[in-house]
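Residues per chain are reported as follows:
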Amino acid sequence: MTVDIDKTPADTPPAGPEAIKAIPVRHYGRYVSAVVAIALLVGVVYAFSQGKINWDAIPDYFFDDRILDGVGKTLLLTVLSMVIGIVGGVMLAVMRLSKNPVTSSIAWFYIWFFRGTPVLVQLIVWFNLGLVFEYINLGPFYKDEWSDFMTPFLTALLGLGLNEAAYMAEICRAGLLSVDEGQTEASHALGMSHSKTLRRIVIPQAMRVIVPPTGNEVINMLKTTSLVSVVQYPELLRAAQDIGQTSGAPAEMLFLAAAWYLLMTSVFSIGQYYLERYYARGSSRSLPATPFQKIRANVLSLSSRSKPTGGKA
């Protein structure tokens, strides 16, 4: 009688499960949509290339003195109008949230009126108020005819700035309401005044909510400045139109103005991104990666994948 003896060592570990080979899901719809988008882009570029447009005129006038002067006036008008809009918006938001029914009603009426009428109409009304007020009389300080007082620049500044204040008031009001009321009550319990509470406690925390839409308003204001061409203010669009009439290339100058607007809004968008990232420090555990950090991470990942990995034979 023979006995089979198992010669396998007792301490040999059992064979584990085989490694799972994950196969990524192929999204064929993405490939199809990418091909369709590229085909449409090629078609649009080809159509514009075959049109009766003198593309050489655009680089010839891109840095023309009149165009650069119009760009400078556009940026100046944008900044000053936004300053008026932000300052006025903060004041109107505080008035709107006030317990005083008179100040609250005044702020409500202002917002209702300026948000309810188009900016173009407001610009034209400001420009033609000389039909109502023949003279402007500020006593011993200033006195002049309305037509001499209301210059195209002042018309554009008042029309854009006062209209923007109505929109900024709602943005600021939303930001102020986003701060918990308990913090205001705690600051009052510590003896802080209402104005000091707004400056030190409420407004700094409300900036996280106020900054993103304010950045959008700045970009929108930059484009809205093109409307002031109707009151003869020589901003970018007006300068491009004047050059187009004298050079015989009106359509080309419109494309030139569009290129400058795209360039300026792109720069403003980058600034808005980093400003939002700055004010998000107190609300996010980890800040999102910047575009440069994303590009660097993708480049490093591609380089690491391209390197051969060693292994045991």
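Up top is the structure these notes are about.
Bear in mind that the values here come from a model prediction, so they are computed numbers and not experimental data.

**Looking at the overall build of the protein chain**
Broken down by element type, the protein chain carries twelve helices and two strands. Tracing the protein chain from N to C terminus, the helices and strands come up as α-α-α-α-α-β-β-α-α-α-α-α-α-α. Once local pairs closer than 6 in sequence are excluded, the contacts in the protein chain between residues at least 24 apart make up 72%. When the accessible surface of the protein chain is summed, it comes to about 21400 Å², and 65% of that surface belongs to carbon and sulfur atoms.

**Comments concerning the environment of Ala169**
Looking at where Ala169 falls in the secondary structure, it is placed in helix 7 (residues 152–177). Given the relative accessible area of 1%, Ala169 is considered buried. The spacing of Ala169 and Arg96 is 73 residues in sequence and 8.4 Å in space, taken between C-alpha atoms. Each residue touching Ala169, except ones within four places of it in the same chain, is listed here: Gly89, Leu92, Ala93 and Ile111.

**Notes on the pattern of salt bridges**
The final tally for this structure, using the stated rule, is six salt bridges. A salt bridge links Asp64 to Arg66, with the nearest nitrogen and oxygen atoms 3.2 Å apart. Across the pair Arg115 and Glu170 runs a salt bridge whose closest N-O atoms are separated by 3.8 Å. Here Glu170 lies in helix 7 and Arg115 lies in helix 4 (residues 101–116), a separation of 55 residues in the sequence. Overlapping salt bridges, with partners in common, bring together Arg96, Arg115, Glu170 and Arg173 in one network.

**Focus on the nonpolar core**
Leu77, Leu160 and Val228 are the most contacted members of the largest nonpolar core, which has 21 residues in total. Mapped by element, the contributors of at least two residues to this core are helix 3 (65–96), helix 5 (119–127), helix 7 and helix 9 (194–224). In terms of residue count, the dominant contributor to this core is helix 7 (seven residues). Beyond its immediate sequence surroundings of up to four residues, Val228 is in contact with Leu77, Leu123, Ala156, Leu160, Tyr233 and Glu235. By size, the runner-up hydrophobic cluster in this structure holds 17 residues, among which are Phe62, Ala249, Trp260 and Tyr261.

**Here's the deal with unusual backbone geometry**
Of note in the backbone geometry, Gln232 takes a positive phi value of approximately 70° without being a glycine. Within the fold, Gln232 resides in the loop between helix 9 and helix 10 (236–247). Of the residues examined, Gln232 reaches a relative accessible area of 44% and is grouped as partly exposed.

Cut-offs applied
- Residues numbered from 1 in each chain as written.
- Predicted model: local features only at pLDDT ≥ 70, side-chain atom pairs only at ≥ 80, totals over all residues.
- Heavy atoms only, no water.
- Helix = DSSP H or I, 4+ residues; strand = E, 2+ residues; numbered from the N terminus.
- Contact = heavy atoms within 4.5 Å.
- Areas by Shrake-Rupley, 256 points an atom, 1.4 Å probe, with all protein chains shown as cover.
- Buried < 20%, exposed > 50% of the residue type's maximum accessible area, 1.4 Å probe, protein only.
- Salt bridge = Lys/Arg side-chain N within 4 Å of Asp/Glu carboxyl O.
- Core = buried A, V, L, I, M, F, W, Y, C linked by side-chain atoms within 4.5 Å.

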